[in-house]
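Residue-level listing of the chains:
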Amino acid sequence: MPNNSHITVIQDNYIKNKAYIDLAKHYYDIKLADINSVSYEDITKSVVIIVQVDLNDPNSLNRLKEIMALPERRHIPTFFLLHEFSRREVVQATTLGATDYTVYPCPDRNFTFILENLINKKVEKAWKKLSHVQEEALKVSLKVVEKTFHNASKGLEVSQEEVKDSCNLIVEATAKDGLNDWMDAIRQHHNSTYRHCMMACGYLVSFGMLIGANKADLQMVAVGGMLHDIGKAMIPLKILEKTSELTPEEVKVMENHPVDGKIILSGANWDKAIIDIAAHHHEMLDGSGFPDGLVGDEISDIVRTVSIVNIFCDLTDKRSYGPTMTAEKAIETMLSMENQLDSTLVKAFRPVVLSDDN
Ligand SMILES: [Fe+2]
Ligand SMILES: [Fe+2]
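In this text, all values refer to a predicted model and were calculated from it rather than measured experimentally.

Chemist: Give a detailed account of helix 8 (residues 180-187), specifying residues and quantitative values.
Modeler: Taken together, the buried positions of helix 8 are W182, M183, A185 and I186. Along helix 8, the residues classed as buried sweep out an arc of 160° about the axis, all on the same side.

Chemist: Got a sec to walk through the environment of E84? Specific residues and values, please.
Modeler: Its location among the elements puts E84 in the loop between strand 4 (78-82) and helix 4 (87-96). For E84, a relative accessible area of 39% translates into the label partly exposed. The spacing of E84 and G296 is 212 residues in sequence and 64 Å in space, taken between C-alpha atoms. Residue contacts for E84: discarding those within four places in its chain leaves E89 and V103.

Chemist: Which residues make up unusual backbone geometry, and what values do they have?
Modeler: That bond from Y104 to P105 is cis: its omega, 5°, falls within 30 degrees of zero. Inspection of the secondary structure puts P105 in the loop between strand 5 (100-103) and helix 5 (108-127). The step from F290 to P291 runs through a cis peptide bond, and the omega angle for that step is 5°. Phi is positive for N269, close to 60°, though the residue is something other than glycine. For N269, the location among the structural elements is in the loop between helix 13 (257-267) and helix 14 (272-280). With a relative accessible area of 65%, N269 lands in the exposed category.

Chemist: Explain the packing of helix 9 (residues 192-210) against helix 10 (residues 215-227) to me, and be specific about the residues and the numbers.
Modeler: Two elements in contact, helix 9 and helix 10, have axes separated by 7 Å at closest approach and are oriented at 160°. The angle between the axes of helix 9 and helix 10 places the two elements in the roughly antiparallel class. In the packing of helix 9 onto helix 10, the handedness of the crossing is right-handed. Judged by residue contacts, C197, M198, A200, C201, L204, V205, G208 and M209 of helix 9 engage L218, V221, A222, G225 and M226 from helix 10. The class makeup of the residues in the contact of helix 9 with helix 10 is 11 nonpolar, 2 polar and no charged.

Chemist: With reference to specific residues and values, describe the coordination of the iron ion (ligand 2).
Modeler: Coordination of the iron ion (ligand 2) by the protein involves H196 (NE2), H228 (NE2), D229 (OD) and N310 (OD1), with metal-donor separations of 2.1 to 2.3 Å. Its 4 donor atoms give the iron ion (ligand 2) angles of 81 to 175° at the centre, a pattern that matches the irregular case. Counting residues between consecutive donors of the iron ion (ligand 2) along the chain gives the motif H-x31-H-D-x80-N. In this structure, the iron ion (ligand 2) lies 3.4 Å from the iron ion (ligand 1), and both are coordinated by D229. Of this pair, H228 sits in the loop between helix 10 and helix 11 (237-240) while N310 sits in helix 15 (residues 301-316), and the two are 82 residues apart along the sequence. Assigned by exposure class, H228 and N310 land together as buried.

Reading the values: the criteria
- Residues numbered from 1 in each chain as written.
- Chains lettered and ligands numbered in written order.
- Predicted model: local features only at pLDDT ≥ 70, side-chain atom pairs only at ≥ 80, totals over all residues.
- Heavy atoms only, no water.
- Buried < 20%, exposed > 50% of the residue type's maximum accessible area, 1.4 Å probe, protein only.
- Helix = DSSP H or I, 4+ residues; strand = E, 2+ residues; numbered from the N terminus.
- Arc of directions from axis to C-beta.
- Contact = heavy atoms within 4.5 Å.
- Axes fitted to C-alpha atoms, helices over the stretch in contact; angles between N-to-C directions.
- Parallel < 35°, antiparallel > 145°, perpendicular 65-115°, else oblique.
- Left-handed = near helix turned anticlockwise from the far one by under 90°.
- Nonpolar A, V, L, I, M, F, W, Y, C, P; charged D, E, K, R; others polar.
- Donors = N, O, S within 2.8 Å, 3.2 Å for Na, K, Ca; no water.
- Tetrahedral: all angles 85-135°; square planar, octahedral: opposite > 155°, others 65-115°.

Interpretation note: all reported values are geometric properties and have no functional meaning in isolation.
Encoded structure:
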């Protein structure tokens, strides 16, 4: 999905509670559009359309009929916020083609539950182009990542078996069908934590395959990629998903995630290498990283590899801090960090993300 994908909110000037817009901003950029001036492009580039107009106003209703009847609109999940729960409004919304509706205002969790379902519907449709093995690996790993982060945040056990099984599926899918379609599908997912973990996991497996790693090592790097940021489960969502610049206090909370990751995984008795990845993937060769300021050989090869892949994912993902970079620019940037990153490894990683003609 292109980076300019958005949620379009179609409104009229009827005064209403618009607090839901802040909730929707967590998922995609928001385009606010007046019902009388909403453009064709606003509609066709939407991941989801939210409609909040007065269905009793004949002008709004007529215009809405035209919009909803557009053939391109029919493929886009459309969420109606109704003024009241009356048979008339419900019938109007469903006749117009609403995919789902709720009366608004409603509790935040009701709104986000419906919105997430609609976004997933759109995304899962795009997964259909994947092979069966790839689709299965995505579905299973999505559930495992969600459950693992949830359990970690609640102090519950993080099941090694489930994580390892889902990583085996990812290794199998990458070996059989390659990485490209899989990465395209992951990049479409709205949950930035899932997207980041799975991108890291996919690139690490692919990198491992390129250098001829055995099956056990491939599974290990896949698990390392999936769990390297498990400590972020302890960061409050309002900091984790903040789209503006973090305050110095918030940066401190954010930078504590390797410490929390080590605590979570040590408590559940994970392999030393996996704990090392979670604890040290933000260390830099010149000692400028965190949390322990490790230097040179104190950082293992596998941790160096994960930190390179981690930075690459951050630089090229749509929700990273700062502008999104192309793969080429990201590799160039990482090569310029020669005191901090292992440039031999960056060069070895290059073919995973760039073909020879780049
Ligand atoms: Fe991290
Ligand atoms: Fe990360």
